[in-house]
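Take a look at the letters that make up each chain.
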Amino acid sequence: MQEKYKMYINGNWVESSSNEYMDVIDPSTSNKISSVPKATIEDVDYAIDSAREAFDKGIWPNLPPSERSKILLKVADLIETKLKEYAINETLISGKTIKQSSNYDIPYIVDNIRYMAGAARIFEGLALKEYVPEGSSTIRRDPIGVVAVITPWNYPLMEVVWRAVAAIAVGNTVVVKPASLTPITTLMFAEDLEKAGLPKGVFNVVTGPGSTIGEYLAKHNKVDMIAFTGSTEVGRRLMELGSSTVKKVSLELGGKAPFIVFDDADIEAAVQGAVVGGLVNNGQDCANSTRYYIHEKVYEKFVNGLIDELKKVKIGDPLNAETDMGPLISASHRERVEGYIKKGIEEGGKLLYGGKRPVIEGHERGFYLQPTVIETENHKSAIVQEEIFGPVWTILKFSEYQEVIEKANDVIYGLGASIWTKDVARAMKATRDLRFATVWINEHVPVPSEMPWPSYKQSGSGASLSTYGLEEYTYIKHVYIDISGS
């Protein structure tokens, strides 16, 4: 990792016009590990103008899809050859375990890019046909233009790929604003895009605070679309700002995933799934299982098994291959999560496990927090209704199918949900009845590159991955050809 980084704008590596920098912190130690430019509005204008020119002059959108694909495939190869470096840096800036970065995140990102590079070469649609006697009609898909991509801190590189690579794969140009806490791997990615031969202006990275840069991008009249992943609150704000120019907005926002265990479920498998589903990314994942609805007949067995497994979780140095759980992203975020724990108990919850700050040798100043389990009957409590974005789980008992479906749906969010049962008919019925965009059966987490990651309700709009994710960055155009000659 470099001591200082520059921004990537119009194919050039530049400092901020203010010459100011922001520190990047290792959340496992709270030590400074690097610094990046603090962009000004002038810097953002430069990036937008560069992207605008690259699009409007047809430098990128008019390139044959096969040529765009070649560049993206080269990037995937470059990342794969530097997998270890990417994984270490992703872990250093985010606190996620090296186990996750090296075994899942980075290899998965490579697969995402390769899929997009191939899938973007063809779009399916209606065949050319005469819907009126005088003319033929067909459909074409065109890129939208300049896309502002604003990414979160929990998946720094993955969300750049899901958003920015999808956008450029179909011919758009982008200005990426990575989260202020975790910009390093995005800048590394820009280096590899440059090495792969990406034309200047197609991919631009500006680093700085979202409250100024993100909002400026959202309301800028030269930006055609906002692609944002983050909190529902910020998503609402970006929609509001983008409305002034009627921008297209694609949002992946908060989640509050239910994890429903019926009385016929394989409890041992469900317990294992609960630990994995709840602790992915140290509990900082919008799809994490956070609300556990357990049938009364298996409630005690599940809870006892869950706590036994949580006691085995190794919390420590995220760069240690044996570590299962690292720190939270920052001191302020840990305090926010702890506030929910306190509020959950005040609102009638019973603490069954965790809730403390473990002391890790050599990482005493890291932002660590134990996985926390709170039993509650108060379905309207904050810990049940609101996204905590940390390793805090609520356990609730149920007895009837309709009861648990109604409770699972009784939140403003609608990203992921899982059902644990051996009854195929009940599982299929529940996939219909649950108002969530992804429903796993006897599993919690997998999303192949070929399948969409969409949103229901206040979890957002649009989709990432799959052909649906690529279509998100296109306009539909009807082309009519007169064949009458009159």
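Structural data are supplied above this passage.
For clarity, every value in this text was computed on a predicted model and none was experimentally measured.

## Observations regarding the sheet that holds strand β15 (residues 372-375)
(1) Moving on: The 7 strands are arranged β14-β15-β16-β13-β12-β18-β19 in an open sheet whose pairing can be described as mixed. If you trace the sheet from one side to the other, it starts and ends with β14 (350-353) and β19 (438-441), each paired once. Strand-to-strand, the axes of this sheet are offset by a mean angle of 25°, without reference to chain direction.

## Some words on the sheet that holds strand β5 (residues 129-132)
(1) Moving on: Ordered by their spatial adjacency, 3 strands build an open sheet running β5-β6-β24, and the pairing between neighbours is antiparallel. Lying at the two open borders of the sheet, with one neighbouring strand each, are β5 and β24 (474-482). This sheet shows a mean twist of 45° between the axes of neighbouring strands, independent of strand direction.
(2) Moving on: As judged from the 2 bridges shared by β5 and strand β6 (residues 135-143), these two strands associate in the antiparallel manner. Each residue of the ladder has a partner; that of Lys129, found in β6, is Ser137.

## Considering the environment of Gly355
(1) Moving on: Inspection of the secondary structure puts Gly355 in the loop between β14 and β15.
(2) Moving on: You can call Gly355 partly exposed: its relative accessible area is 26%.
(3) Moving on: Put simply, Gly355 and Ser231 are 124 residues apart on the chain and 23 Å apart in space, counted from C-alpha to C-alpha.

## Remarks on the pattern of salt bridges
(1) Moving on: Under the defined criterion, the tally for this structure stands at 26 salt bridges.
(2) Moving on: Notably, a salt bridge pairs Arg114 with Asp77, separated by 2.8 Å at the nearest N-O pair. Of this pair, Arg114 sits in helix α4 (residues 98-119) while Asp77 sits in helix α2 (residues 65-81), placing them 37 residues apart in sequence.
(3) Moving on: Note that Arg141 is salt-bridged to Glu471, the shortest N-O span being 3.7 Å.

## Considering the side chain of Lys256
(1) Moving on: Inspection of the secondary structure assignment puts Lys256 in the loop between β11 (248-252) and β12 (257-261).
(2) Moving on: For the buried Lys256, which has no salt bridge, the nearest side chain bearing the opposite charge is Glu387, at an N-O separation of 7.9 Å.

How each quantity is defined
Residues numbered from 1 in each chain as written. Predicted model: local features only at pLDDT ≥ 70, side-chain atom pairs only at ≥ 80, totals over all residues. Heavy atoms only, no water. Pairing = 2+ DSSP bridges. Helix = DSSP H or I, 4+ residues; strand = E, 2+ residues; numbered from the N terminus. Axes fitted to C-alpha atoms, helices over the stretch in contact; angles between N-to-C directions. Buried < 20%, exposed > 50% of the residue type's maximum accessible area, 1.4 Å probe, protein only. Salt bridge = Lys/Arg side-chain N within 4 Å of Asp/Glu carboxyl O. Lys, Arg positive; Asp, Glu negative; His and termini not counted.

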